[in-house]
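Structural characterization, general
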Amino acid sequence: ALARAEVTRVQASQGEGRHNVEVAKGGLAFRKAVATRTALISPFEGLVIRRFHDPGDPVAVGATVLRVVATDRLWVRAWIDETALGQLTEGQSARVIFPADPEHAQGGRVDRIGREADRQTHEVLVDVLLEAIPDRVAIGQRADVRIELGRTKQALRAPLPFIHREGENVFCFVDRNGRIAEVAVRLGTVGAGSVEILAGLRDDDTLLDSLKPGVSLVAGRRWKVGT
């Protein structure tokens, strides 16, 4: 009877031990799940550029802890007037000019076009993906973006500073046998620094303009090259 009682006690202890093992396994699985949720996994390969909390700081759900940027691709976000929305499409060529290096434009293409316009500025956010990442760039720096909306081959063009406007009249000052002549022109596609001339000028015309800002030329007078 004593031996059977001892066997029963040992079997009960074994059952309790197995139960404790299962409880411990459940606690281990719970702690592994908690550890997995507390690990911050970046959705892409990148670089941490800012840390909002130090190790050991308590954080709330939804709080920003790190700021990560991609290192294999770079977008420039440009605000474009909503009137040009109908002319924008994904894939259009673009040029991006950084103020730190204005002589060298970076190639790019329109990657995303915003679906909501700002109610105050009436502008739409457009993301331009750069073809190559510059050697030195800072997140948040300013940039000028120029998107190519169209292209005209073999166009007669004139520099924008030589185009004058008075109300609805558009004209240029040109040389006519040594005298200043005011010639009305019809414009076409407008580029970054020049504009297409559809009518009014010839290929061999010499455009004239005053060297003094704000001073207009007088038609009919003779002209000479200034310094």
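Just so we're clear, the structure is a prediction, and the values are computed from it rather than from any experiment. (Residues numbered from 1 in each chain as written. Predicted model: local features only at pLDDT ≥ 70, side-chain atom pairs only at ≥ 80, totals over all residues. Heavy atoms only, no water.)

1. Things to note about the overall build of the protein
A tally of regular secondary structure across the protein gives one helix and 14 strands. Dimensions of the protein along its principal axes, counting C-alpha atoms only, are 135 × 35 × 35 Å. Per-residue burial over the protein gives 20% buried out of 227 residues. The long-range fraction of contacts in the protein, counting pairs at least 24 apart against all pairs at least 6 apart in sequence, stands at 56%. (Helix = DSSP H or I, 4+ residues; strand = E, 2+ residues; numbered from the N terminus. Buried < 20%, exposed > 50% of the residue type's maximum accessible area, 1.4 Å probe, protein only. Contact = heavy atoms within 4.5 Å.)

2. Quick word on the pattern of salt bridges
Proximity of charged atoms lets side chains of opposite charge pair with each other. All chains considered together, the criterion is met by nine salt bridges. Where salt bridges share partners, they join Arg77, Arg109, Asp111, Arg112 and Asp127 into one cluster. (Salt bridge = Lys/Arg side-chain N within 4 Å of Asp/Glu carboxyl O.)

3. Here we look at unusual backbone geometry
The backbone of His122 sits at a positive phi, close to 60°, despite the residue not being glycine. According to the relative accessible area criterion, His122 is partly exposed, its value standing at 40%. Of note, the phi angle at Asn177 is positive, near 60°, even though the residue is not glycine. Note on Asn177: relative accessible area 78%, which makes it exposed.

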